[in-house]
Amino acid sequence: IFEDLLDKKGEIWDTCRTKAAARMMELSRYFEGDRTLRSVERNEGLMKWFASMAVEIESLSCENEEHFTVTGRRIQLCIQALKEIEEFDAVDRDMQVKAVLKEARALLLQMVRAVSIKDDVVVIVHSISDMTYATDAICHLIPVIQRR
């Protein structure tokens, strides 16, 4: 399972990053006020903020293994920023916007999980499973050894 995740890590990362950035652009366009079924007051500040958040999300990279910690921290900051923007009145009273923000946070959280999958985890899981097998084998052999 972990090996499959490790193989698909880049694909998972790219998919989540693209979707999260797209959600931010949707919100940016939403606050233009002229592309929705119901009238939404145009809000330049929110338009720019969501557009810049989309750019920030698109700039995240998991290519360089040395910076996984930094990338994870940047994603956590993005998640925190999305939680904080939800407190703005124009965002807080709109359930559609809150749903899109929740989806974007979930995608960013998947990105954090994907970036934390490393080769070391596979080695550790194999070691633990080997130890579990050995412990089980020893437990079955103890009565045989004690009888001798």
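Data block above holds the structure.
Residues numbered from 1 in each chain as written. Predicted model: local features only at pLDDT ≥ 70, side-chain atom pairs only at ≥ 80, totals over all residues. Heavy atoms only, no water.

Visitor: Which residues make up the overall build of the protein chain, and what values do they have?
Guide: Counting secondary structure elements, the protein chain contains 6 helices and 0 strands. Counting from the amino terminus, the protein chain carries its helices and strands in the arrangement α-α-α-α-α-α. Taking 148 residues into account, the globule formula puts the C-alpha radius of gyration at 15 Å, and the protein chain, at 23 Å, lies well above it. Looking at the protein chain as a whole, 31% of its 148 residues qualify as buried. Taking contacts inside the protein chain between residues at least 6 apart in sequence as the whole, the part at least 24 apart equals 68%. For the protein chain, the exposed area adds up to about 10,000 Å²; of that, 55% sits on carbon and sulfur atoms. Within the protein chain, the 26 negative side-chain charges are centred at a point lying 4 Å from the centre of the 21 positive side-chain charges. (Helix = DSSP H or I, 4+ residues; strand = E, 2+ residues; numbered from the N terminus. Rg over C-alpha atoms; globule rule 2.2 N^0.38 Å. Buried < 20%, exposed > 50% of the residue type's maximum accessible area, 1.4 Å probe, protein only. Contact = heavy atoms within 4.5 Å. Areas by Shrake-Rupley, 256 points an atom, 1.4 Å probe, with all protein chains shown as cover. Lys, Arg positive; Asp, Glu negative; His and termini not counted. Charge placed at Lys NZ, Arg CZ, Asp CG, Glu CD.)

Visitor: Now, about the packing of helix α3 (residues 68–85) against helix α5 (residues 95–115): what can you tell me, with residues and values included?
Guide: Running from amino to carboxyl end, α3 crosses α5 at an angle of 165°, the nearest separation of the two axes being 10 Å. Here α3 is positioned roughly antiparallel relative to α5, judged by the angle of their axes. Between α3 and α5 the crossing geometry is left-handed. Together, Phe68, Gly72, Ile75, Gln76, Cys78, Ile79, Leu82, Lys83 and Ile85 of α3 and Leu101, Ala104, Arg105, Leu108, Leu109, Met111, Val112 and Val115 of α5 make up the contact between the two elements. Each residue belonging to the contact of α3 with α5 can be placed in one class, and the counts come to 13 nonpolar, 2 polar and 2 charged. (Axes fitted to C-alpha atoms, helices over the stretch in contact; angles between N-to-C directions. Parallel < 35°, antiparallel > 145°, perpendicular 65-115°, else oblique. Left-handed = near helix turned anticlockwise from the far one by under 90°. Nonpolar A, V, L, I, M, F, W, Y, C, P; charged D, E, K, R; others polar.)

Visitor: Would you mind going over the state of the cysteines in detail, with residue names and values included?
Guide: All chains considered together, the criterion is met by 0 disulfides. Cys16 supplies the cysteine sulfur nearest to Cys78, a cysteine that is in no disulfide, at a spacing of 14 Å. (Disulfide = S-S within 2.5 Å.)

Visitor: Report on the pattern of salt bridges, specifying residues and quantitative values.
Guide: This structure, assessed with the given rule, holds 8 salt bridges. Of the charged contacts in the structure, one is a salt bridge between Glu26 and Arg23, with a shortest N-O distance of 3.5 Å. With a gap of 3 residues between them, Glu26 and Arg23 both fall in helix α1 (residues 2–30), about one helical turn apart. Residue classification places Arg23 among the buried positions, given a relative accessible area of 17%. Where Arg93 meets Asp89, a salt bridge forms, and the shortest distance between an N and an O atom there is 3.5 Å. (Salt bridge = Lys/Arg side-chain N within 4 Å of Asp/Glu carboxyl O.)

Visitor: An account of the nonpolar core is requested, with residue identities and associated values reported.
Guide: Nonpolar side chains tend to gather and get buried jointly when the protein is soluble and globular. In terms of nonpolar packing, the biggest core is built from 34 residues, with Met24, Phe31, Phe50, Ile57, Ile75, Leu101 and Leu108 touching the most fellow members. Contributing elements (two or more residues each) for this core: α1, α2 (44–59), α3 and α5. In terms of residue count, the dominant contributor to this core is α5 (9 residues). If near-sequence neighbours (up to four positions away) are discounted, Met24 is found in contact with Phe50, Met53, Ala54, Ile57, Leu82, Leu101 and Ala104. (Core = buried A, V, L, I, M, F, W, Y, C linked by side-chain atoms within 4.5 Å.)

Visitor: Give me the lowdown on α2, citing residues and values where you can.
Guide: Taking 1.5 Å per residue, 16 residues should reach 22 Å; α2 reaches 23 Å between its end C-alpha atoms and fits that length. Of the positions making up α2, those classed as buried are Leu46, Met47, Phe50, Met53, Ala54 and Ile57. The arc enclosing the buried residues of α2, seen along the axis, measures out at 130°, which places them on a common side. In α2, those exposed residues whose orientation departs by more than 90 degrees from the buried face are Lys48 and Val55. Its side-chain oxygen placed 3.2 Å from the backbone nitrogen of Gly45, Asn43 serves as the N-cap of α2. (Expected span 1.5 Å × (residues − 1). Arc of directions from axis to C-beta. Polar contact = N/O pair within 3.5 Å; in protein donor to acceptor, adjacent residues only side chain to side chain.)

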